[in-house]
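Each chain, written out:
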Amino acid sequence: MLQWEAVLAGVNLENAAMEACQDCLVYASHRNLYVLVDGRVQVLHPPVHAEQVHAVCLRGSLLVACSADGVLSRWQWRKDCFELDGIFKHKAALLRLDVLEDEIFALDGQGNLLHLKDLQPVKERSFGSARALVVAVHPAGDFLAVALSDCSIRLLGKELKELGLLSGHKDWVNWLVWNNQTLASAGADGTVRLWERNARQSTGALEELVKAPSGGGLMECVGLLEGHDGPVHKVVWHGPLLF
């Protein structure tokens with residue numbers, strides 16, 4: 001971390017999109033993408049985003065980024081750098097995303113959810129008067145959690161059909177992250193909630209339960225962390241620990 005701090009000294013990272021793994025750090029500054037690896041900063045070429053990059057997602061050797069001009073770029077790590085692997089252009093700004101292998105779930109500036117496979121659109125869903133704010137794909141890949149502007153969290157199947165509703169936050173949810181069967185949600189209400197499979201459901205794994213015809217009561221809040229002075233913007237799992 002000290003090495004990263006030395007390399008990034010003087011770089012403007014205010015409100016920057018950023019993701020890290022054990023071997024490298026990826027971040028965006030305005031419309032450019034940077035990778036910090038082995039103490040060196042690399043600028044990704046060619047530049048494909050004409051406006052602000054809002055989100056980056058790093059999954060192993062795969063990097064995906066999206067920006068205000070509706071461009072979604074996919075990069076693959078080859079040899080000693082990321083190489084551009086494809087581009088998708090959407091009609092509206094793209095603000096958030098999550099990735100699982102060749103499938104991408106992105107949120108646009110109109111509050112809609114997009115499902116892409118191999119950079120080809122599969123389905124798009126709106127949520128009535130509510131807007132989608134955050135998306136997190138379950139590690140098994142069978143379903144995803146989406147936070148809406150009505151302060152709720154919806155569980156959806158990959159076909160974007162609703163499976164369940166999680167309520168409890170009193171303000172917008174800023175972040176969602178899975179750790180196996182546990183979902184953590186960080187809210188503008190200053191709380192962090194932990195959600196797990198409802199004990200009244202069967203004892204099967206969560207990814208098996210979502211395949212059932214009805215997902216009502218699929219998950220319940222099993223933990224509440226409060227007492228923060230203001231909104232909680234992001235949380236991260238490190239093994240069983242939540243930061």
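Overview of the structure. On a predicted model such as this, the values are computed, not experimentally measured, just so you know. (Residues numbered from 1 in each chain as written. Predicted model: local features only at pLDDT ≥ 70, side-chain atom pairs only at ≥ 80, totals over all residues. Heavy atoms only, no water.)

## Side note on the overall build of the chain
Per the secondary structure count, the chain includes two helices and 22 strands. Evaluated residue by residue, the chain yields a buried proportion of 49% over its 243 residues. Restricting the contact set of the chain to residue pairs at least 6 apart, pairs at least 24 apart contribute 41%. For the chain, the accessible area works out to roughly 12,000 Å², and carbon and sulfur atoms hold 50% of it. (Helix = DSSP H or I, 4+ residues; strand = E, 2+ residues; numbered from the N terminus. Buried < 20%, exposed > 50% of the residue type's maximum accessible area, 1.4 Å probe, protein only. Contact = heavy atoms within 4.5 Å. Areas by Shrake-Rupley, 256 points an atom, 1.4 Å probe, with all protein chains shown as cover.)

## Here we look at the nonpolar core
Within the largest apolar cluster, 17 residues are counted, with the highest numbers of intra-cluster contacts made by Ile153, Leu155, Leu176, Trp178, Leu183 and Met219. Put simply, the parts of the chain that give this core at least two residues each are strand E13 (132-137), strand E14 (143-148), strand E15 (153-157), strand E16 (162-166) and strand E17 (173-179). Core analysis: the next-biggest nonpolar cluster, separate from the first, contains 16 residues, Cys24, Val37, Val56 and Leu58 among them. (Core = buried A, V, L, I, M, F, W, Y, C linked by side-chain atoms within 4.5 Å.)

## Focus: the sheet that holds strand E11 (residues 113-117)
Taken in spatial order, the four strands make up an open sheet running E9-E10-E11-E12, and their pairing is antiparallel. Whereas interior strands pair on both sides, the edge strands pair on one side only; in this sheet they are strand E9 (94-100) and strand E12 (120-125). Averaged over all neighbouring strand pairs, the angle between strand axes comes to 20°, with direction disregarded. Strand direction decides the pairing type here: E9 and strand E10 (residues 103-108), joined by six bridges, are antiparallel. Residue pairing in the sheet places Val99 in a bridge with Ile104 of E10. (Pairing = 2+ DSSP bridges. Axes fitted to C-alpha atoms, helices over the stretch in contact; angles between N-to-C directions.)

## Section: the packing of aromatic side chains
Evaluation of the coordinates by the stated rule reveals three aromatic pairs. For the ring pair Tyr27 and Tyr34, a centre distance of 5.1 Å and an interplane angle of 10° mean the geometry is stacked. Ring centres 5.4 Å apart and planes at 85° place the aromatic pair Phe143 and Trp178 in the edge-to-face group. Here Trp178 lies in strand E17 and Phe143 lies in strand E14, a separation of 35 residues in the sequence. Comparing Phe143 with Trp178 shows no difference in burial state: the two are buried. (Phe/Tyr/Trp six-rings, centres within 6.5 Å; stacked < 30°, edge-to-face > 60°.)

Taken by themselves, the reported measurements are silent on function.
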